Amino acid sequence: MYLNNLFPAKNAHKKRKRVGRGIGSGLGKTAGRGHKGQKSRTGGGINRGFEGGQMPLYRRIPKFGFVSRKACVTKEVRLSELNRFSKKLITLNLLKEHNIIHKNIKFVKIILSGSISSPIKVYGLRVTKGARMVIENCGGKIEE
């Protein structure tokens, strides 16, 4: 097989429509757009969701709920994730350095999921009741 023997498969290249090129082409005169009307004009057509002047559906239905902006900068950390630290003082910056949380995160809450093997000291982080019990039972401290 040589490069000069290669050719595309049958119907692999479909010819584009050449509109407005006379009666014989089948797409002459109106060029497949029909007679008159908004859609036959250049630049004609309507926006997505337009209902002819009637109040559109996306504006008729009520708005509901809200998105907390604080939720974007808050993260939960599992107790089991705190086992990987050799340092015993857990802070927000330490979690950022070890890529457990993103650099934009400002608030962290430690939740009870898994367990810890050694006593740790948590500084400046929020802790759930269950996680607080486990940390204190293990001999750790929590300073908020």
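Higher on the page you've got the structure.
So, a few notes on the structure that sits alongside this text. No experiment lies behind these values; they were computed from the predicted model shown. (Residues numbered from 1 in each chain as written. Predicted model: local features only at pLDDT ≥ 70, side-chain atom pairs only at ≥ 80, totals over all residues. Heavy atoms only, no water.)

1. Considering the overall build of the protein chain
Condition: Counting from the N terminus, the helices are DSSP H or I runs at least four residues long and the strands are E runs at least two residues long. As defined in this context, the radius of gyration uses C-alpha atoms, and a globule is described by 2.2 Å times the residue total to the power 0.38. A 1.4 Å probe rolled over the protein chains alone gives each residue an accessible area, and that area as a share of the maximum for its type sets the label: buried under 20%, exposed over 50%, partly exposed in between. Only heavy atoms matter for contacts: two residues are in contact if any of them lie within 4.5 Å across the pair.
Per the secondary structure count, the protein chain includes three helices and six strands. In the protein chain, the succession of helices and strands from N to C terminus is α-β-β-α-β-β-β-α-β. Computed over the C-alpha atoms, the radius of gyration of the protein chain is 33 Å, more than 25% above the 15 Å expected from 2.2 N^0.38 for a compact globule of 144 residues. Principal axes of the C-alpha set define a box for the protein chain whose edges measure 90 × 65 × 20 Å. Looking at the protein chain as a whole, 18% of its 144 residues qualify as buried. Taking all contacts inside the protein chain whose residues are at least 6 apart in sequence as the whole, residues at least 24 apart take part in 38%.

2. Points about the nonpolar core
Definition in use: Here, nonpolar core refers to any group of buried Ala, Val, Leu, Ile, Met, Phe, Trp, Tyr and Cys residues whose side-chain atoms link them within 4.5 Å.
One finds Leu-82, Ile-90, Leu-95, Ile-110, Val-122 and Ile-135 to be the most contacted residues of the largest nonpolar core, which totals 20 residues. For this core, the elements supplying multiple residues, two or more each, are α2 (92-97), β3 (107-111) and α3 (129-137). Filtering out sequence-adjacent residues up to four positions away, Ile-110 remains in contact with Val-77, Leu-79, Leu-82, Val-122, Leu-125, Arg-126, Val-127, Thr-128 and Ala-131.

3. Things to note about the packing of aromatic side chains
Heads up, the condition is: Each Phe, Tyr or Trp ring, with Trp reduced to its six-membered ring, pairs with another whose centre is within 6.5 Å; inter-plane angles below 30 degrees give stacked pairs, above 60 give edge-to-face pairs, and intermediate values give tilted ones. To sit over a ring, a charge needs its Lys NZ or Arg CZ within 6 Å of the ring centre and within 35 degrees of the ring normal.
Inspection of every chain in the model, using the stated rule, returns zero aromatic pairs. Just above the ring of Phe-107 sits the side chain of Lys-70; from NZ or CZ to the centre is 4.7 Å.

4. Digging into the environment of Leu-125
For Leu-125, the location among the structural elements is in the loop between β4 (121-123) and β5 (126-127). Spatially, the C-alpha atom of Leu-125 lies 11 Å from that of Leu-95, the residues being 30 residues apart in sequence. Leave out the neighbours within four places in its chain, and Leu-125 touches Ile-90, Thr-91, Leu-92, Leu-95, Val-108, Ile-110, Glu-143 and Glu-144.

5. So, the environment of Val-73
Positionally, Val-73 belongs in the loop between α1 (57-60) and β1 (74-78). For the pair Val-73 and Phe-107, spaced 34 residues apart in sequence, the C-alpha to C-alpha distance is 6.4 Å. Not counting the four nearest positions on each side in its chain, Val-73 is found in contact with Asn-104, Ile-105, Lys-106 and Phe-107.

6. Some words on the pattern of salt bridges
It is possible for side chains of opposite charge to pair when their charged atoms get near one another. Our working rule: The salt bridge definition used is simple: a Lys or Arg side-chain nitrogen within 4 Å of an Asp or Glu carboxyl oxygen.
If you walk through the whole model with that rule in mind, you get two salt bridges. Across the pair Glu-51 and Arg-60 runs a salt bridge, and its minimum N-O distance is 3.0 Å. With relative accessibility at 42%, the residue Arg-60 sits in the partly exposed group. Note that Glu-143 and Lys-121 form a salt bridge whose closest N and O atoms lie 3.2 Å from each other. Taken together, the residues Glu-143 in strand β6 (residues 141-143) and Lys-121 in strand β4 connect sequence positions 22 residues apart. The partly exposed category is assigned to Glu-143, whose relative accessible area is 30%. The class of Lys-121 is partly exposed, set by a relative accessible area of 33%.

7. Re the sheet that holds strand β2 (residues 89-90)
Strand pairing within a sheet occurs via backbone hydrogen bonds; the two strands may be parallel or antiparallel. Using the following cut-off: If DSSP finds at least two bridges between two strands, the strands pair.
Pairing is parallel in the open sheet, where three strands are placed in the order β2-β4-β6. Each of the sheet's edge strands pairs with one partner strand only, and the pair in question is β2 and β6. Here β2 pairs with β4 via two bridges, running parallel. Across the sheet, Leu-89 pairs through a bridge with Lys-121, a residue of β4.

8. As for a nonpolar patch on the surface
Note the cut-off: Patches draw on residues past 30% relative accessible area with no salt bridge. Two like charges within 9 Å are joined, as are two nonpolar side chains (Val, Leu, Ile, Met, Phe, Trp, Tyr) within 5 Å. Each accessible area is a Shrake-Rupley result for a 1.4 Å probe, and residues are judged covered by the shown protein chains and nothing else.
On the surface, Met-1, Leu-3 and Leu-6 cluster together to form a nonpolar patch covering roughly 440 Å² of accessible area. If you trace the backbone, Leu-3 turns up in the segment before α1. Relative accessible area serves as the criterion here: at 76%, Leu-3 is assigned to the exposed category.

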